[in-house]
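Overview (structure and organization)
One letter stands for each residue in the lines below.
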Amino acid sequence: MKTAPVLDVQPLRAGLSGQTLIPGDDGYEEARQIWNALIDKRPAVIARCLTTADVVRAVGFAREHRLPLAVRGGGHNIAGSALAEGGLVIDLSSMKRVTVDAGARRAMVEPGALLADVDAATQAHGLAVPVGINSTTGIAGLTLGGGFGWLSRTYGMTVDSLESAEVVTAAGEVVHADARRHADLFWALRGGGGNFGVVTRFEFRLHPVGPNLLSGLIVYDARDARRVLEGYRAFMATAPEELSVWGVLRQAPPLPFLPAEVHGRPMLALALLYAGEPAAGERLVAPLRELAVPLGSHVGVQPYVSWQQAFDPLLARGARNYWKSHNFTDLEDGLFDAALAALDRLPSPQCEIFLAALGGATRRPAPDATAYAHRDTQFIMNVHARWEDPKDDARCIAWARWFFQASARFASGSVYVNFLTEDETDRVGAAYGPNQRRLAEIKRTYDPANLFHTNQNIQPG
Ligand SMILES: Cc1cc2nc3c(=O)[nH]c(=O)nc-3n(C[C@H](O)[C@H](O)[C@H](O)COP(=O)(O)OP(=O)(O)OC[C@H]3O[C@@H](n4cnc5c(N)ncnc54)[C@H](O)[C@@H]3O)c2cc1C
């Protein structure tokens, strides 16, 4: 078993209002678990911060002791960047308050909040910010990488709704970044990941949403998948921005609306949300039901927060996960061929290929308007290998890598930073794209010694 180096954490413990955990402490083992069970890192110390002042102390302690420093929001990052082997983890999971000013359509969000916390607080007022599709994801990491979900075609990337942020810098200063103050930092936070400091508060602009919206799934047999994918491509080419339809290729899970005999069979599901009037949405999605005879479908009006949690059971924490991802500006026939071949060879019942539709409002800002650069992206594909038994590691990882290679020539070459795995340091340039140089300059201003480096790292330029 690996052992963490001995470290005198007493000064940190004494100065922190939150808990400080080291190996052997009650709660340490639980505190080092993250969403992806493939990651097994043993930090020297975990600082559970409760306040911005705690974060300042923890950043100072890491700097003084030259400890590798990681920041944990929701702990969902596939690469395990929420943890630092032998280092200090600033664990923000206890700072999860969300305060909504409904009149001003603003939310103040602490960095340990999960998407479920943000959705619940904002939807209480019929408002929302576009976030991801798994409600146990952390708002912090998701936002810092760009952030997209069912509402993004209507209201843009998550960063497009970010109004300001409070940040603890590498020097331990607390700064307020927005379009006027520390504007360079504010630009970098909107897609540059956790490279520039610890965000201790996000301020989001909110949009009127629901609270009840048309959403759900239409499930087709794999035999019809080719025809449905072609129809889906044509459908999305003219779909209004309020409508999001994503494709999922996998084995059919035991969903109650599917006949028992199809459970476990390869399938293609179209998952959709319409952000406008439900009746208009019904009319709009009707052609999707005609693409082939569905195995089953479950589309109806339900609370937006329920749809936000619909995929949670399939994406629960604790399984082993390995991802590969591409961005696409269009969907070529060859991609469909490769995807169907991958569907034929799924190495576990939980492996899946997710095709998320972007476009719409996400395309409007210029590529250099925010650090998130990939405004031309129409679809993001996530090849999601997921399994339980360590014996299946090699087989499942090999499947993801194989399909990733097979589909590469149809992709745009860019990649969503939040979908990069630990072994993809060679793709960091593709993730920051044309904005990497400016990000490196801003990194030099705010973190010249690269204290924040256990992430998709930007070297000080
Ligand atoms: C099941 C699942 C579904 C997903 N679905 C989507 C989706 O629909 N849309 C989407 O956009 N993304 C999605 N993601 C990706 C998600 O955006 C990233 O995993 C993101 O990094 C998660 O943020 P976190 O706070 O939970 O992660 P963490 O692992 O806690 O942190 C991720 C990174 O952000 C840094 N960080 C965290 N908090 C802070 C902070 N306060 N200040 C500075 N740096 C910080 C960390 O150092 C780390 O490098 C999904 C992920 C999973 C596992």
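In case you missed it, the structure is sitting above this.
For clarity, every value in this text was computed on a predicted model and none was experimentally measured. (Residues numbered from 1 in each chain as written. Predicted model: local features only at pLDDT ≥ 70, side-chain atom pairs only at ≥ 80, totals over all residues. Heavy atoms only, no water.)

On to the overall build of the chain, then. Check the secondary structure of the chain and you find 14 helices and 18 strands. The buried share among the 461 residues of the chain stands at 59%. Within the chain, contacts between residues at least 6 apart in sequence are counted, and of these 73% link residues at least 24 apart. In the form shown here, the chain has an accessible surface area of approximately 17,300 Å², with 52% of it arising from carbon and sulfur atoms. (Helix = DSSP H or I, 4+ residues; strand = E, 2+ residues; numbered from the N terminus. Buried < 20%, exposed > 50% of the residue type's maximum accessible area, 1.4 Å probe, protein only. Contact = heavy atoms within 4.5 Å. Areas by Shrake-Rupley, 256 points an atom, 1.4 Å probe, with all protein chains shown as cover.)

Quick look at the environment of R180 now. Inspection of the secondary structure puts R180 in the loop between β9 (174–178) and α7 (183–189). Through-space distance from the C-alpha of R180 to that of S164 is 9.7 Å; in sequence the pair is 16 residues apart.

Another aspect to go through is the nonpolar core. Membership of the largest hydrophobic core comes to 83 residues, with the highest contact counts inside it found for F148, Y232, V245, L288, F311 and W399. Considering every element that reaches this core, the biggest residue donor is strand β14 (residues 266–274), with eight residues. (Core = buried A, V, L, I, M, F, W, Y, C linked by side-chain atoms within 4.5 Å.)

Next up on the list: the pattern of salt bridges. With the rule as written, the count across this model stands at 32 salt bridges. Its salt-bridge partner being K41, residue E422 comes within 3.9 Å of it at the nearest N-O pair. Taken together, the residues span a long stretch of sequence, with E422 in the loop between α12 (393–408) and α13 (428–432) and K41 in the loop between α2 (28–31) and β2 (45–48) at a distance of 381 residues. Across the salt bridge formed by R320 and D393, the nearest N and O atoms sit 2.8 Å from each other. One end of the pair, R320, is in strand β16 (residues 320–328); the other, D393, is in helix α12, and 73 residues separate them in sequence. Judged on exposure class, the residue R320 and its partner D393 are both buried. It is possible to trace a salt-bridge network through shared partners that takes in R226, E230, R233, D333 and D337. (Salt bridge = Lys/Arg side-chain N within 4 Å of Asp/Glu carboxyl O.)

The next subject is the sheet that holds strand β5 (residues 98–101). The strand order across the open sheet formed by five strands is β5-β6-β10-β8-β9, and the pairing between neighbours is antiparallel. Among the strands making up the open sheet, the edge pair consists of β5 and β9. Neighbour-to-neighbour, the strand axes of this sheet turn through a mean angle of 15°, independent of strand direction. With respect to the sheet, helix α3 (residues 52–64) is in contact with β8 (162–168), β9 and β10 (198–205), its orientation differing from that of β8 by roughly 50°. (Pairing = 2+ DSSP bridges. Axes fitted to C-alpha atoms, helices over the stretch in contact; angles between N-to-C directions.)

A few words on the packing of aromatic side chains. In total, this model carries 14 aromatic pairs according to the counting rule given. A ring pair is formed by F311 and F354, whose centres lie 5.8 Å apart and whose planes are at 65°; its orientation type is edge-to-face. In this pair, F311 sits in the loop between α10 (304–308) and β16 while F354 sits in strand β17 (residues 352–357), placing the two residues 43 residues apart along the sequence. In this structure F311 comes out as buried when scored by relative accessible area, which is 7%. A network of ring pairs unites the aromatic residues W35, F148, W150, W246, W307, F311, W323, F354, Y416 and F419 as a single cluster. Over the face of the ring belonging to F186 we find R190, whose NZ or CZ atom lies 3.9 Å from the ring centre. Its end group placed over the ring of W187, R438 keeps NZ or CZ at 3.9 Å from the ring centre. (Phe/Tyr/Trp six-rings, centres within 6.5 Å; stacked < 30°, edge-to-face > 60°. Lys NZ or Arg CZ within 6 Å of the ring centre and 35° of its normal.)

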